[in-house]
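Structural overview for review
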Amino acid sequence: REREKEDIAAVQEENLCLNRKISLMSKEIEDMKSKVESETTDRMSLSQRLQDDKAALKRTYWEMETKLRNNIEEKEDQVMRLVAERDRLSHELGRVKRALDEERQRACQELEQSASVGDAKLEEMKAQTRQKDATISKLKSAYEQAIMKAASEKSKCE
């Protein structure tokens, strides 16, 4: 009997020890479970933030791309308008040059025909020719300034 009591006491002691170990292990398991749940929540939160950041970056990218595309189209339109204006001015200058050349030729012919009329008439024609030449110079200068301005605006647009 004494031995049975000792065996029972030993088994009870061992049982208490095992119960303490089970209790400690249960606590460790609960702690690990809580830690895993916390990490899972953190990962989900991080994943959501990454998705939000990615969506924001995409929106920003598309907004910037749209602005850039619109800006490029606007600059292309400006260049086209400047090229058209340059072409128009070039055409106008050619017309003015032809008209002035014709006028100069007529003036020279008139001078040659009126040379016999007298020196006074000749001087008057020379003055007219000088005036027309001055007008031609002014027009040429204005045309060159317009071309330089158009080129400057075009280079700004580019």
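Anything mentioned here points back to the structure above.
Residues numbered from 1 in each chain as written. Predicted model: local features only at pLDDT ≥ 70, side-chain atom pairs only at ≥ 80, totals over all residues. Heavy atoms only, no water.

Details of a negative patch on the surface
Residues E2, E4, E6 and D7 make up a contiguous surface patch of negative charge. Residue D7 is classed as partly exposed on the basis of its relative accessible area of 42%. (Patch = residues over 30% accessible without salt bridge, like charges linked within 9 Å, V, L, I, M, F, W, Y side chains within 5 Å. Areas by Shrake-Rupley, 256 points an atom, 1.4 Å probe, with all protein chains shown as cover. Salt bridge = Lys/Arg side-chain N within 4 Å of Asp/Glu carboxyl O. Lys, Arg positive; Asp, Glu negative; His and termini not counted. Charge placed at Lys NZ, Arg CZ, Asp CG, Glu CD. Buried < 20%, exposed > 50% of the residue type's maximum accessible area, 1.4 Å probe, protein only.)

A look at the environment of R69
Checked against the element boundaries, R69 lands in helix 1 (residues 2-114). For R69, a relative accessible area of 41% translates into the label partly exposed. Between the C-alpha atoms of R69 and E144, which are 75 residues apart in sequence, the distance is 34 Å. (Helix = DSSP H or I, 4+ residues; strand = E, 2+ residues; numbered from the N terminus.)

Some words on the pattern of salt bridges
By the definition in use, this model includes 10 salt bridges. For the salt bridge of R106 with E103, the shortest nitrogen-to-oxygen distance reads 3.1 Å. Of this pair, R106 and E103 both sit in helix 1, three residues apart, roughly one helical turn. Its relative accessible area of 40% is what places R106 among the partly exposed residues. Between K132 and E103 there is a salt bridge; the shortest N-O distance is 2.5 Å. With K132 in helix 2 (residues 119-157) and E103 in helix 1, this residue pair connects regions lying 29 residues apart in the sequence. For K132, a relative accessible area of 25% puts it in the partly exposed group.

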